[in-house]
2 protein chains.
Amino acid sequence: MKKTLVLIVSVFTLTLSAQQTATEDSVTLKKFYNTSLLNGKSYVWLDHLSNQIGPRLSGSINAEKAVEWGEQELKKLGLDKVWLQSVMVPKWTRGVAEYAYIETDPGKTTNVPICALGGSIATPIGGLKANVVEVQGIEDLRKLGTTAIEGKIVFFNRPIQADLINTFEAYGGCVDQRYSGAKEAANFGAVGVIVRSMNLRNDDLPHTGAMSYGDLKDLDKIPAAAISTNGANLLSSMLKLNPEIKFFMNMNCRSWKDVESHNVIGEIKGAEFPNEYIVVGGHLDSWDMGDGSHDDGAGIVQSMEVLRLFKETGYTPKRTIRVVLFMNEENGLRGGKKYAEEAQRKEEKHVFALESDAGGFTPRGFSFDCDATNFAQIESWKPLFAPYLIHQFSKGGSGADISPLKNEKIVLAGLRPDSQRYFDHHHAANDTFDAINKRELELGAATMTSLVYLMDKYGTK
Amino acid sequence: MKKTLVLIVSVFTLTLSAQQTATEDSVTLKKFYNTSLLNGKSYVWLDHLSNQIGPRLSGSINAEKAVEWGEQELKKLGLDKVWLQSVMVPKWTRGVAEYAYIETDPGKTTNVPICALGGSIATPIGGLKANVVEVQGIEDLRKLGTTAIEGKIVFFNRPIQADLINTFEAYGGCVDQRYSGAKEAANFGAVGVIVRSMNLRNDDLPHTGAMSYGDLKDLDKIPAAAISTNGANLLSSMLKLNPEIKFFMNMNCRSWKDVESHNVIGEIKGAEFPNEYIVVGGHLDSWDMGDGSHDDGAGIVQSMEVLRLFKETGYTPKRTIRVVLFMNEENGLRGGKKYAEEAQRKEEKHVFALESDAGGFTPRGFSFDCDATNFAQIESWKPLFAPYLIHQFSKGGSGADISPLKNEKIVLAGLRPDSQRYFDHHHAANDTFDAINKRELELGAATMTSLVYLMDKYGTK
């Protein structure tokens, strides 16, 4: 009888204390959200990064300006340590703007918007003109064979699949054309490649992005460009009317020797477990078309805001919290690789890493790369996030920059904002500050802060 | 033994058939979403309504053009019946654009953007100039009293609360200033009213909206305008420096006699229960500042799309499905009231009504006004919506136009899109088509279609 009573009392006490903890946590989360929405810094920071610095392709002067700015701003936060981590990055420049047209008859031309894919070689001086063969993907090349392709420009026109709800999935279904199209087409004797922009709407903006020649020899490389979705539709319909039309493209891009750049790192030392590290980050570099507000200026300022909100609300983390502004995600991932190498070399035990690199839109949740036990713990926190309409807790990818940290123990996560508008702006001239909504950005920052807080407080399993 | 076996078999069969039904439903929902995203009509319709017709304030020529267009488009869908329902609506016109400035010293003025609130009287010819008294809400008027207010312009400057996640809740916390501010201030001898725009960001756009003089006599009425958030901040800071500054406002708005307008109605006759009615709708009228794309062009085309998607995918509803394009939600609700009156007069049994009037943004779910039994049935459908990231099923309001249909039996519902950007555009000059994202609009239409399908198939409880 006594035993039962003790048991009942302790179960009661435990339940009560669990409830108290949940209440404490919900009060803390509310503080993060309120501070971010009423007194946030993320939007002002992004205004500066986007409008005062602008596009910041790896190896560019702007990228170095961004490094300097990131270091200065982190120093203002009163963190325990702020430093730069040196990393060699590729340097590729676009040069004079690209120029392209469709030639239906000699002298009869229609201009179409193109831009070189990142890493492409230039066209021969004076440009390149050739017939066009349209394909729906890399697999079509083999079917057509060298005879049909040799001496021509291959036009990869598989559209992004509009009936997938997650636009990143739709992107994933097409991006092979952009990344490997030139390498594959070159093997069949193509002289150039144009790729339909990875964009879900019809407009006049070409979307750049990384491409690779794999192990092709320099002499075998062919120039590769993105064409706007409207341009692609026009070209395709013209080819149906007359397969003999020609395409002209002129590009002046160039690869240079690697140059030195930096990851920017700031940390708050952990009060209880200083040797356990939690990383939150995004990438500081961007493509050169817009100002990189969504990709990934948003992730940068949100990550910085996590540490600022801890400071501002007086939360002392148990573990060491690092913000990392990674360099060179877009065309090399050198920053992410370097950070992981150094972490391994110094035997720093990383327990959790969170990346924001999916745009500054209304946050919906997170995706996780972790084991079942940790995922179960994270799922138990769902009610804490419900008041903020954060509902997606899925297993899946996390973020490119933090992926080199992967091991059996670590929990990796990616912020998942609403994805519907992301590919309207991705890698294009309209990835600009005016497409950012202040509240959506701030909600994202608070959502990240809340997860980092919970992971810090309860640790990984 | 036999009995048990029969029971087991029937439970098994039932479970199996429940699973089959769930699978059928998920296949049907997928069809709605795919058709809306790949071959939808909502975006093209909205393009026409917004860009070819434009703003459509009740009683205006544009409102009549919109009625005509709605009728024509519904007729093209091959519905069983399309008709206009006559309704008398208020007619209020803005007249020559408003003009306002802050006067710090005689001749030293700074212009600020204002617009008349819908229903306001004009200023005296030549405008109105007076000292300003700033308040944070109606309750401040009593504290200040007539001595402090008499002869002055009352400036309602309580900002919309930014730390509420649901922006409609934030709006609800401020809208009393706009709706009743003039009536209340007039009772203390104020000569005019300016109200901070119900906008969550700082910009230069004044947001109009309905106001009422209640039972004030004509002679006691005072003019009321909205001032942009930047304008409000400026005025407030200037008042702090010098409480004696004056405000000048000139408005030329006017109320006229009621005029005839119409609800536009189309229906598909129910195959099994033709005398049970389901309504889906939005409001066809809009304010006159932008083109009313979000408020409520989006709701109009999404509602039309519900019936089109049924036709397109070959779904034959059991119950009679009506689309209603309501007239005059913004400044009278005459269309909604008229529709409900007629339904009652004809003893039409309405079982379900769904309104979309919260913007064309990414749909997140629905709010319901219904009893517990019906809500439980609806909640059991959540898994069907999960692939489309529809997760909010809450009890609460539905929509203004369908609210007069309320009785003990009916289920009322409102589509709940992401609310973060809505009040950036609401009732302002930037509620325009370019702020609409095609996919978000289409996802909303498919989400509404899915709910109407389930309510039609399973009926109310």
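Here the structure is shown first, and the text comes after it.
Residues numbered from 1 in each chain as written. Chains lettered and ligands numbered in written order. Predicted model: local features only at pLDDT ≥ 70, side-chain atom pairs only at ≥ 80, totals over all residues. Heavy atoms only, no water.

S.K.: I'd like to hear about the overall build of chain A, residue by residue, with values.
M.R.: Of the regular secondary structure elements, chain A holds 13 helices and 16 strands. The globule rule puts the C-alpha radius of gyration for 461 residues at 23 Å, and the 25 Å found for chain A is close to it. Seen along its three principal axes, the alpha-carbon backbone of chain A occupies a region of about 95 × 45 × 40 Å. A total of 461 residues make up chain A; the buried ones form 60% of that total. Restricting to contacts in chain A with at least 6 residues of sequence separation, those with at least 24 account for 83%. For chain A, the exposed area adds up to about 18400 Å²; of that, 54% sits on carbon and sulfur atoms. Across chain A, the mean location of the 51 positive side-chain charges is 4 Å away from that of the 57 negative side-chain charges. (Helix = DSSP H or I, 4+ residues; strand = E, 2+ residues; numbered from the N terminus. Rg over C-alpha atoms; globule rule 2.2 N^0.38 Å. Buried < 20%, exposed > 50% of the residue type's maximum accessible area, 1.4 Å probe, protein only. Contact = heavy atoms within 4.5 Å. Areas by Shrake-Rupley, 256 points an atom, 1.4 Å probe, with all protein chains shown as cover. Lys, Arg positive; Asp, Glu negative; His and termini not counted. Charge placed at Lys NZ, Arg CZ, Asp CG, Glu CD.)

S.K.: Lay out the interface of chain B and chain A with the relevant residues and their values.
M.R.: Residue-level contacts link 28 residues of chain B with 28 residues of chain A. Between chain B and chain A the total buried area reaches about 2600 Å² when both faces are included, carbon and sulfur atoms providing 50% of it. Of all residues in chain B, B:I165, B:R421 and B:R439 give up the largest surface area on contact with chain A, accounting jointly for 28% of the area buried on that side. Across the contact surface, chain B and chain A share two salt bridges. Elements that contribute at least two residues to the side of chain B that touches chain A include exactly α1 (2–39) and α13 (438–458) of chain B. Ranked by the residues each element gives to the side of chain B that touches chain A, the list is headed by α1(B), at five residues. Among the residues making up the side of chain B that touches chain A, the classes are represented as 13 nonpolar, seven polar and eight charged. (Buried area = accessible area lost by both parts, 1.4 Å probe. Salt bridge = Lys/Arg side-chain N within 4 Å of Asp/Glu carboxyl O. Nonpolar A, V, L, I, M, F, W, Y, C, P; charged D, E, K, R; others polar.)

S.K.: A description of the relation of the copies chain B and chain A should follow, citing residues and the corresponding values.
M.R.: For these two chains of identical sequence, chain B goes onto chain A by a turn of 180° and a shift of 0.0 Å along the axis, with RMSD 0.0 Å. Here the copies are linked by what is in effect a two-fold axis. No C-alpha of chain B lies nearer the rotation axis than that of B:H391, which sits 3.7 Å from it. In this assembly, 100% of the residues forming the interface of chain B have copies in chain A that are likewise at the interface, indicating an isologous arrangement. (Least-squares fit on C-alpha atoms with pLDDT ≥ 70 in both.)

S.K.: Before we move on, can you summarise unusual backbone geometry with the specific residues and values?
M.R.: Across the chain, the bulk of peptide bonds are trans and the bulk of non-glycine residues have phi less than zero. The step from A:D295 to A:D296 runs through a cis peptide bond, and the omega angle for that step is 5°. With respect to the helices, strands and loops of the structure, A:D296 is situated in helix α8 (residues 293–313). The phi dihedral of A:H427 falls on the positive side, at around 65°, and the residue is not glycine. Secondary-structure assignment places A:H427 in the loop between α12 (422–425) and α13 (438–458). The class for A:H427 is buried, based on a relative accessible area of 6%. The backbone phi angle of B:L333 is positive, close to 60°, even though this residue is not glycine. You can see B:L333 is positioned in the loop between β12 (319–326) and α9 (334–345).

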